[in-house]
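# Structure assessment
Residue strings, one per chain:
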Amino acid sequence: MVDPRLSVIKKRLKDINNIIAVASGKGGVGKSMVSSLLALHLASQDKKVGLLDLDVYGPSTHIILGIPFQKFPEEDRGIIPPVFHGIKFMSIVFYSEDKPGAFRGIDVSNIIRELLAITQWGSLDYLIIDLPPGIGDETLDVINLIQPTEFLIVSTPSKVAMGAVEKLIDLLLELHLPIIGVVENMKIGDSNYVKQIVTSKDVRYLGSIQFVPALEEAIGDSSKLLKTPFIKDLERIIKKSL
Amino acid sequence: MVDPRLSVIKKRLKDINNIIAVASGKGGVGKSMVSSLLALHLASQDKKVGLLDLDVYGPSTHIILGIPFQKFPEEDRGIIPPVFHGIKFMSIVFYSEDKPGAFRGIDVSNIIRELLAITQWGSLDYLIIDLPPGIGDETLDVINLIQPTEFLIVSTPSKVAMGAVEKLIDLLLELHLPIIGVVENMKIGDSNYVKQIVTSKDVRYLGSIQFVPALEEAIGDSSKLLKTPFIKDLERIIKKSL
Amino acid sequence: MHEWALAESIITTAVEVAEREKLKKIEEIDISLGELQQIEEDIFRFALDEILKSMNLRNIKIVIETENAVFECNKCKHTWNFEKDKLDEAEAEAIHFLPEMAFVHMRCPSCGSPDFTVIKGRGVSITSIKGEK
Amino acid sequence: MHEWALAESIITTAVEVAEREKLKKIEEIDISLGELQQIEEDIFRFALDEILKSMNLRNIKIVIETENAVFECNKCKHTWNFEKDKLDEAEAEAIHFLPEMAFVHMRCPSCGSPDFTVIKGRGVSITSIKGEK
Ligand SMILES: Nc1ncnc2c1ncn2[C@@H]1O[C@H](COP(=O)(O)OP(=O)(O)O)[C@@H](O)[C@H]1O
Ligand SMILES: Nc1ncnc2c1ncn2[C@@H]1O[C@H](COP(=O)(O)OP(=O)(O)O)[C@@H](O)[C@H]1O
Ligand SMILES: [Mg+2]
Ligand SMILES: [Mg+2]
Ligand SMILES: [Mg+2]
Ligand SMILES: [Mg+2]
Ligand code: NI
Ligand code: NI
Ligand SMILES: [Zn+2]
Ligand SMILES: [Zn+2]
């Protein structure tokens, strides 16, 4: 029979104004950093923000934002995402004790459906979804189950990264899904390589975020993160795109 | 009934002396760069080397090594991996035209089983497997189907990367699988952070590979790649570990 | 109690299916509770009743059965059943919230592999919806 | 012809199963060729014969059937059959080598989604092995 969880996912998301999936196709380009700091920045602007970490193998946003995960979230007609730094936060780390999980694709899909069916986000201005790399179960379930999601794509100025990023962009374009644009992260030098490819596909190039050597020291500390040059560059990007 | 492909996978790999899976758990740490340059370096030392790219969403090794993929590999009692720069090479890019594929976990597993069942590697000193991030179908199939595989783990000096890397290490240790050691890639600064965690788990810390800003310009050009400082650092690591 | 959210998914789905199949009235919903998720029938029935009342749905027979969980190892093909006593309280509760936490907290009892399939008894599902055409 | 490698997998598996089930002799192997992989029965039979000869296996009846491919869209639930003429030659050949290239070169004819399941008829499989105990 039909999967009952699918019928309530729309209900759970109905009071959310904007759903933004931070995606790339490529790993290690800064999706989790962009998701986390985007959520943090919007919350600091008094927006109602949720952050959903869908990287089940290497959840990262709790590390970046310094979120403790030792307690199960409260229950009330579902799961109430706990609030940290003004962000309603949900990640499997609340249930995995941050231990490894050997999930096959079907398990990943089950985790996502279960989380979407039981999490009560309430009303939000923005829900930010941190996606893992690839075009696998996570990305396909977000495409199929969460509509409309707008995609914020992250890349780095590398041919290897763009190899994977172009695949995701091409697929989203083929499916006529909304793409906010592409952020070029960890920019060193001034090559036009990413900008050229992106604009040739008629996708918006949103600008770059510089490589910030000191970013590592701010990881886990939200107030330090808000003071890094990363946030300045991100703010500029948000201003013209959100 | 049983999957017939499983019975011949062992036969296909029987004349290979060393199977090395380059893994991490984390994306973007340099797994594909390490796999490609490891294969290139070993081939330049007159070793018989194969390279199998198992990143089905973002195959990268053909980009790094500048391998053309416009022609189907030859057939002879299976598929004969074509040779580039002295490396027997196999990747789905020969069949995907480098276009995006929307693969669920079960599809990924089918691709891996099919490739392992039909590829005739012949005799090799080393087969290098480039794994994608995560502990999903790719990693689990390598663990279950290819024995013995030794794991060469790549990380960067970042808390976010180590969050995912530690999960993979912990799982491999629990399963008593052979770990060659951990390579710390894109090292900037001189923190002992990665070394400390790794050695505290009784896993070998193999050394670091410096962050090479000019590496990007060598991508796609095997002779340039062989002259980068990346190779020097990698050579030092190989010397004491392989 | 987070069961409410899953109970709501059952009723919402039943209503959707009834509309799609042009049923005049839903007479019976048969529900399976997979053992792995450890949902107590009483709690679940209470949540269902509350939701049915709030939606003004009356006289629907609710049949609940528990399905034993069966696991099969993807490495050694061993099959086994759910053994809750092997888990500590927090692990069992994590699996209650997210059944896939089984792959974090459980291992194949024969070979130790974390890579196994939940053949049966994962969670909440609908087995049948009966009604008047 | 790469079919040889798959034919070898069938015979090797049959021999392993026969040993495990303590068959004195394999009498019949029933094989299903999934339509998606586009393997010609003649070619496959030729490869099987060659392998059987090389392994000194005689008098085994080989029954080959083709299974039509059925796809179901994960987005809109539409089901459909394999339409080879919609593919160009290189795409069809890629799918012959690696059936999952269907997810690169094919789309749901109803909604355009690349996310679908091969319900039936993917590739080579064994449906039954008969023998003397
Ligand atoms: N602009 C930046 N400057 C410096 N380091 C960065 C920057 N953006 C991300 N990083 C670092 O790069 C690594 C990968 O970032 P992460 O957000 O985890 O990527 P992804 O989620 O795409 O895998 C992390 O170690 C992160 O701290
Ligand atoms: N030592 C290094 N110095 C500079 N850049 C590197 C180094 N190693 C890898 N890179 C770059 O980092 C990015 C990620 O590397 P890649 O091998 O694709 O990682 P993975 O396979 O783990 O996702 C690529 O753009 C690559 O060119
Ligand atoms: Mg991430
Ligand atoms: Mg599993
Ligand atoms: Mg890679
Ligand atoms: Mg698919
Ligand atoms: Ni509960
Ligand atoms: Ni062929
Ligand atoms: Zn087992
Ligand atoms: Zn469809």
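Residues numbered from 1 in each chain as written. Chains lettered and ligands numbered in written order. Predicted model: local features only at pLDDT ≥ 70, side-chain atom pairs only at ≥ 80, totals over all residues. Heavy atoms only, no water.

This brings us to the overall build of chain A. Along chain A, the regular secondary structure elements total eleven helices and eight strands. Taken over the C-alpha trace, chain A has a radius of gyration of 17 Å; the compact-globule value for 242 residues is 18 Å, and the two agree within 12%. Projected onto its principal axes, the C-alpha coordinates of chain A cover approximately 50 × 40 × 35 Å. Summing over all exposed atoms, chain A offers an accessible surface of approximately 8,500 Å²; the carbon and sulfur share of this is 50%. On chain A, the mean spot of the 27 positive side-chain charges and the mean spot of the 29 negative ones are 4 Å from each other. (Helix = DSSP H or I, 4+ residues; strand = E, 2+ residues; numbered from the N terminus. Rg over C-alpha atoms; globule rule 2.2 N^0.38 Å. Areas by Shrake-Rupley, 256 points an atom, 1.4 Å probe, with all protein chains shown as cover. Lys, Arg positive; Asp, Glu negative; His and termini not counted. Charge placed at Lys NZ, Arg CZ, Asp CG, Glu CD.)

Here we come to the packing of aromatic side chains. Tallied over the entire structure, the rule returns 23 aromatic pairs over all chains. Measuring from ring centre to ring centre gives 5.4 Å for Tyr95 of chain B and Phe97 of chain D, while their planes differ by 45 degrees; the resulting arrangement is tilted. A residue pair is termed interchain when its members come from two chains, as with Tyr95 of chain B in helix H4 (residues 93-96) and Phe97 of chain D in helix H3 (residues 89-97). Since its relative accessible area comes to 2%, Tyr95 of chain B is described here as buried. For Phe97 of chain D, a relative accessible area of 1% translates into the label buried. Geometrically, the ring pair formed by Phe103 of chain B and Phe103 of chain D is edge-to-face, given 6.3 Å between the ring centres and 85 degrees between the ring planes. In this pair, Phe103 of chain B is assigned in the loop between H4 and helix H5 (105-118) and Phe103 of chain D in helix H4 (residues 102-105), connecting two distinct chains. Since its relative accessible area comes to 0%, Phe103 of chain B is described here as buried. (Phe/Tyr/Trp six-rings, centres within 6.5 Å; stacked < 30°, edge-to-face > 60°. Buried < 20%, exposed > 50% of the residue type's maximum accessible area, 1.4 Å probe, protein only.)

Each partner contributes residues to the interface: chain A has seven residues there, and chain D has seven residues. In this assembly, chain A and chain D are joined by one salt bridge. Between Glu174 of chain A and Arg107 of chain D there is a salt bridge, with the nearest N and O atoms lying 2.5 Å from each other. Inspection of the chain A/chain D interface yields two residue pairs in polar contact (both at pLDDT 80 or more). When contributions to the side of chain A that touches chain D are tallied by element, the ones reaching two or more residues are helix H6 (137-145) and helix H7 (159-174) of chain A. Among the residues forming the side of chain A that touches chain D, the class breakdown is four nonpolar, two polar and one charged. (Contact = heavy atoms within 4.5 Å. Salt bridge = Lys/Arg side-chain N within 4 Å of Asp/Glu carboxyl O. Polar contact = N/O pair within 3.5 Å; in protein donor to acceptor, adjacent residues only side chain to side chain. Nonpolar A, V, L, I, M, F, W, Y, C, P; charged D, E, K, R; others polar.)

Take the interface of chain C and chain A next. Taken together, the 38 residues of chain C in the interface contact 32 residues of chain A. Carbon and sulfur atoms make up 63% of the area that chain C and chain A hide from each other, which totals about 2,900 Å². When the area that chain C buries against chain A is broken down by residue, the three leading residues are Phe97, Leu98 and Val104 of chain C, summing to 19%. For the pair chain C and chain A, the interface holds five salt bridges. Across the salt bridge formed by Arg104 of chain A and Asp115 of chain C, the nearest N and O atoms sit 2.8 Å from each other. In this assembly, chain C and chain A are joined by 13 residue pairs in polar contact (both at pLDDT 80 or more). When contributions to the side of chain C that touches chain A are tallied by element, the ones reaching two or more residues are helix H1 (3-20), helix H3 (89-97), helix H4 (102-105) and strand E6 (124-132) of chain C. Examining the composition of the side of chain C that touches chain A, we find that twelve residues originate from one element, H1 of chain C, more than from any other. A breakdown of the residues in the side of chain C that touches chain A according to their chemical character gives 18 nonpolar, ten polar and ten charged. (Buried area = accessible area lost by both parts, 1.4 Å probe.)

Before going further, it helps to spend a moment on helix H2 (residues 41-54) of chain D. Residues and elements named next belong to chain D. Here H2 spans 20 Å end to end across 14 residues, near enough to the 20 Å set by a 1.5 Å rise per residue. Turning to H2, its buried residues number three or more, namely Phe44, Ala47, Leu48, Ile51 and Leu52. The buried residues of H2 occupy one face: seen down the axis, they fall within an arc of 135 degrees. When the buried face of H2 is taken as reference, the exposed residues oriented beyond 90 degrees from it are Asp42, Phe46, Lys53 and Ser54. Each element contacted by the buried residues of H2 is listed here: helix H1 (3-20), strand E1 (25-34), strand E2 (61-67) and strand E6 (124-132). Just beyond H2, the residue with positive phi is Asn56, at close to 60 degrees. (Expected span 1.5 Å × (residues − 1). Arc of directions from axis to C-beta.)

So, about the domain arrangement of chain C. Residues and elements named next belong to chain C. Examined at the domain level, chain C breaks down into domain 1 (2-17 + 28-68 + 121-132) and domain 2 (70-120). Summarising the inter-unit geometry, the C-alpha centres of domain 1 and domain 2 are found 25 Å apart. Between domain 1 and domain 2, the contact holds eleven residues from the first and 14 residues from the second. At the boundary of domain 1 with domain 2, total buried surface from both sides reaches about 1,100 Å², with 57% on carbon and sulfur atoms. Considering only the surface of domain 1 that becomes buried against domain 2, Leu36, Gln38 and Arg122 emerge as the three largest contributors, covering 52% of it. Inspection of the region where domain 1 meets domain 2 yields one salt bridge. A salt bridge links Arg122 to Glu100, with the nearest nitrogen and oxygen atoms 2.7 Å apart. Per-class residue counts for the side of domain 1 that touches domain 2 are two nonpolar, five polar and four charged. (Domains from an automatic or database assignment.)

Residues and elements named next belong to chain B. The buried fraction of strand E2 (residues 49-53) amounts to five of the five residues, a majority that puts the element mostly inside the structure. Of the two faces of E2, the one lined by Val49, Leu51 and Asp53 and the one lined by Gly50 and Leu52 are each fully buried. In the sheet, E2 pairs with strand E4 (residues 87-90) via four bridges, with the strands oriented parallel. Looking across to E4, one finds that Leu52 is bridged to Met90. (Pairing = 2+ DSSP bridges.)

In this section: the site of ligand 2. Lining the immediate surroundings of ligand 2 are 19 residues, of which Lys26 and Ser158 of chain A together with Gly28, Lys31 and Val212 of chain B lie closest. Ser158 of chain A is positioned such that a nitrogen or oxygen atom in its side chain is 2.6 Å from an oxygen atom of ligand 2. Contacts to ligand 2 include Gly28 of chain B, whose backbone N or O atom sits 2.8 Å from an oxygen atom. Considering ligand 2 on its own, with 560 Å² of exposed area, one finds that the protein chains cover 92% of that surface. At the level of secondary structure, the elements contributing two or more residues to the shell around ligand 2 comprise helix H2 (31-44), strand E7 (179-187) and strand E8 (205-210) of chain B. Among the elements that make up the shell around ligand 2, the one with the highest residue count is H2 of chain B (three residues). For the shell around ligand 2, the residue count by class is ten nonpolar, seven polar and two charged. (Near = heavy atom within 4 Å.)

This paragraph deals with H6 of chain A. Of all the nine residues making up H6 of chain A, nine are buried; the element is thus mostly covered by neighbouring parts of the structure. Among all positions of H6 of chain A, only Asp137, Glu138, Thr139, Leu140, Asp141, Val142, Ile143, Asn144 and Leu145 of chain A are buried. In this fold, the buried residues of H6 of chain A make contact with helix H1 (5-12), strand E1 (16-23), helix H5 (105-118), strand E6 (150-155) and H7 of chain A together with H5 of chain B.

All names here are of chain D. What the three strands build is an open sheet, ordered E4-E3-E5; its pairing is antiparallel. In this open sheet, the two strands that pair with only one neighbour each are strand E4 (79-81) and strand E5 (116-120). Ignoring strand direction, the axes of neighbouring strands in this sheet form an average angle of 30 degrees. Across three bridges, the pairing between strand E3 (residues 70-73) and E4 is antiparallel. Bridging from a neighbouring strand, Val70 pairs with Asn81 of E4. (Axes fitted to C-alpha atoms, helices over the stretch in contact; angles between N-to-C directions.)

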